[in-house]
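Read off the chains here:
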Amino acid sequence: MAPAQALPPELLSLVFFAIYSGGKGKAKLFLTRTSYELLDTLLVCRRWNDIACQTPQLWTTVYVAHDHQASVRAQTYADRARCLKLDVVLASSSNSSSVENCGNALQGLLRKHASRLRSITLPFLTQHISESLQTPLPNLLSFTCDPITSSDFEISHSPDFDSKTVTLDTPKLETLVLQNYAISFAKNNWPTLLRLDCLFCPGDENWVWGLLGASQHTLESLVLCDAADTLETWAVHSHTLDDGVIPYTSLPNLTDLEVVGMEEFDWPALRFAEMPALVSLRLTLVDLPDSENQETPLPTFERLQRLYIATSFEVDDNLQYLLQSAPNISSLEVIDISKEDDSDNSDIIGSLLLGEPLLCPNLQQIGILGISVHVSKLEELVDLRLPTLRKITLGSGRWEERSGVEEQQRARDQARLDRLNKRVELSGLTGWWDESSAPQSST
């Protein structure tokens, strides 16, 4: 008998679960799960098939495909999971997809197992699916509707689907990720969220303010995309809000904020509410704020530790203005997303060398990606910020390259980088020297 065949069923069951869950703390993302991923185990032999089919933990993620067997397979997963909570994921569409099959399978799950559903992830909506979602889902914790492919967008914007509002009855909802749709809740029963991703937020949606008002004491993570200047206006002028929407002025437990695509100079997304507990701030912007265009100073985020900035705009002086509002950060990453071959934005380091007292004295990690950096500036930065500074990450940008640079000068610059690499960890270095001679990151 093979050693694997000698294992008792209980132990094999644990092995199967460990394989498909990815181990403790590394559970597979729902969108990477497929309805066929268990076949490698099920087809080994009849014994393994029987044991796997009797292990409920393997069947809790119901991946709903578009084929004619979608409903049968979805019900099989739900039955084999027994009484465990279910995570439902609809497959992304393609030109040959049958959306009707997918919708029927979801409707069947909602009708028979509504109280067991823990999360729903949708890449598109149809009229049929939208109507099915009005089923009360008393234990749903997470709802995501975020198109993945162009076909998903086309389905969601079909003329046959005239409503762009999703109505949910989910009193325990904790996570909501929504793109290109508005949302309402049965009887204005707004849930108290832990995470809210508004992937399209011009600023005039009452549902956004309804959720923020109801979640003002629980919200920990917030993403705002395309946030316009009305973002601040609607939050402040609560008399414009619909009945049932709770006004607010603070999000006291918000630790993570991401803002994408804002173009307004007065930065309403950093002003619409007080965020005293903010630890991580990610900004992907067309423009950085300029002190000359600010009616009032930016608020100071005393607890902020991580600041990420991706922009195609020159950062130099504007970065210095922003850093004044984040005095205690330990990690800073700046990325040029202009897609130019070489963004000459070397004054970014100049912003980190200025200030009396020194700006952001607690910086331990600095990332500069897609931006040229001079070796001399790096030396100044390390000299000024040691021993606090531990790591510098650079990538995609080129070092200062002058025509006719002598070989001796290149060798001297290489030696300077080698010395720097002994003082701090240098990661991702690229330049005009051969990659084989670039200094390696220290361990």
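Here, the structure is the one placed above.
(A) How the structure looks around the overall build of the protein chain. Of regular secondary structure, the protein chain possesses 13 helices and 16 strands. For the protein chain, buried positions account for 48% of its 443 residues. Here the analysis covers contacts within the protein chain between residues at least 6 apart in sequence; of these, 70% occur between residues at least 24 apart. Carbon and sulfur atoms provide 49% of the accessible area of the protein chain, an area that totals close to 21300 Å².

(B) Expanded view of unusual backbone geometry. Note that the residue after Leu386, namely Pro387, is joined by a cis bond; omega there is 5°. Summarising the element assignment, Pro387 is placed in the loop between α12 (375-385) and β15 (391-395). You will see that Lys187, though not glycine, has its phi angle at about 60°, which is positive. Look at Asn188: it is not a glycine, yet its phi comes out positive at around 55°. Residue Asn188 is classed as partly exposed on the basis of its relative accessible area of 45%.

(C) Fine view of the pattern of salt bridges. Tallied over the full model, the rule gives six salt bridges. Taking the shortest distance from any N to any O, the salt bridge between Asp67 and Arg73 comes out at 3.1 Å. The exposure class assigned to Arg73 is buried, which follows from its relative accessible area of 16%. Across the pair Asp197 and Arg195 runs a salt bridge, and its minimum N-O distance is 2.7 Å. Judged by its relative accessible area of 36%, Arg195 is partly exposed.

(D) Seen up close, the packing of aromatic side chains. On inspection of all chains with the given rule, the structure shows two aromatic pairs. Taking the centre distance of 4.9 Å and the plane angle of 80° together, the rings of Trp59 and Tyr77 count as edge-to-face. With Trp59 in the loop between α3 (46-53) and β1 (61-64) and Tyr77 in helix α4 (residues 70-80), this residue pair connects regions lying 18 residues apart in the sequence. On the accessibility criterion, Tyr77 (6% relative accessible area) is buried. Sitting over the ring of Trp59, Arg80 keeps its end group 4.6 Å from the ring centre. Of note, Arg282 hangs over the ring of Tyr308, and the distance from its end group to the ring centre comes to 3.8 Å.

(E) Broad picture of the nonpolar core. Counting 104 residues, the largest nonpolar core has Leu122, Leu133, Phe143 and Leu222 as its most contacted members. Residue contacts for Phe143: discarding those within four places in its chain leaves Ile120, Leu122, Leu133, Val166, Leu168, Leu173, Thr175, Leu176, Val177 and Leu178.

(F) Structural context of the packing of α4 against helix α5 (residues 99-113). Following both chains from N to C, one finds α4 and α5 inclined at 30°, their axes separated by 8 Å at the closest point. In this view, α4 runs roughly parallel relative to α5, as classed from their interaxial angle. Crossing of α4 against α5: the hand is right-handed. Counting all contacts with α4, which are made through Ala70, Ser71, Ala74, Gln75, Ala78 and Asp79, the residues of α5 involved are Asn101, Asn104, Ala105, Gly108, Leu109, Lys112 and His113. A breakdown of the residues in the contact of α4 with α5 according to their chemical character gives five nonpolar, six polar and two charged.

(G) Main features of the environment of Leu363. Note on placement: Leu363 falls in the loop between α11 (347-353) and β14 (365-369). Here Leu363 falls in the buried class, since its relative accessible area comes to 0%. Beyond its immediate chain neighbours, meaning those up to four positions away, Leu363 contacts Ile329, Ser330, Ser331, Leu332, Leu352, Arg385, Thr388 and Leu389.

(H) Quick peek at the environment of Ala214. Looking at the element boundaries, Ala214 is found in helix α8 (residues 206-214). Assessed through its relative accessible area of 17%, Ala214 is described here as buried. Separated by 24 residues in the primary sequence, Ala214 and Trp190 place their C-alpha atoms 6.1 Å from one another. In this structure Ala214 touches Trp190, Pro191, Thr192 and Ile246, once residues within four positions along its chain are discounted.

(I) Quick peek at the state of the cysteines. In total, this model carries zero disulfides according to the counting rule given. Free of any disulfide, Cys225 has its nearest cysteine sulfur in Cys198, 8.5 Å distant. Of the residues examined, Cys225 reaches a relative accessible area of 10% and is grouped as buried.

(J) Region of the structure containing the pairing of strand β7 (residues 182-185). Across the two faces of β7 the burial differs, with Ile183 and Phe185 buried and Ala182 and Ser184 not buried at all. Relative to β7, strand β5 (residues 165-168) is paired through four bridges, and the arrangement is parallel. Its bridge partner being in β7, Thr167 is matched across the sheet by Ser184.

(K) Looking closely at α12. Listed as buried for α12 are Val375, Leu378, Leu381, Val382 and Arg385. Buried residues in α12, looked at end-on, bunch into an arc of 120°, giving them a common side.

(L) Region of the structure containing the pairing of strand β9 (residues 221-225). Burial of β9 is extensive: four of the five residues sit out of reach of the surface. In this sheet, β9 lies alongside strand β8 (residues 195-198) in parallel orientation, the contact comprising four bridges. Within the sheet, the bridge partner assigned to Cys198 lies in β9 and is Leu224. Relative to strand β10 (residues 256-260), β9 runs parallel, the two being bridged by five bridges. Paired with Leu224 across the bridge in β10 is Val259.

Procedures and definitions
Residues numbered from 1 in each chain as written. Predicted model: local features only at pLDDT ≥ 70, side-chain atom pairs only at ≥ 80, totals over all residues. Heavy atoms only, no water. Helix = DSSP H or I, 4+ residues; strand = E, 2+ residues; numbered from the N terminus. Buried < 20%, exposed > 50% of the residue type's maximum accessible area, 1.4 Å probe, protein only. Contact = heavy atoms within 4.5 Å. Areas by Shrake-Rupley, 256 points an atom, 1.4 Å probe, with all protein chains shown as cover. Salt bridge = Lys/Arg side-chain N within 4 Å of Asp/Glu carboxyl O. Phe/Tyr/Trp six-rings, centres within 6.5 Å; stacked < 30°, edge-to-face > 60°. Lys NZ or Arg CZ within 6 Å of the ring centre and 35° of its normal. Core = buried A, V, L, I, M, F, W, Y, C linked by side-chain atoms within 4.5 Å. Axes fitted to C-alpha atoms, helices over the stretch in contact; angles between N-to-C directions. Parallel < 35°, antiparallel > 145°, perpendicular 65-115°, else oblique. Left-handed = near helix turned anticlockwise from the far one by under 90°. Nonpolar A, V, L, I, M, F, W, Y, C, P; charged D, E, K, R; others polar. Disulfide = S-S within 2.5 Å. Pairing = 2+ DSSP bridges. Arc of directions from axis to C-beta.

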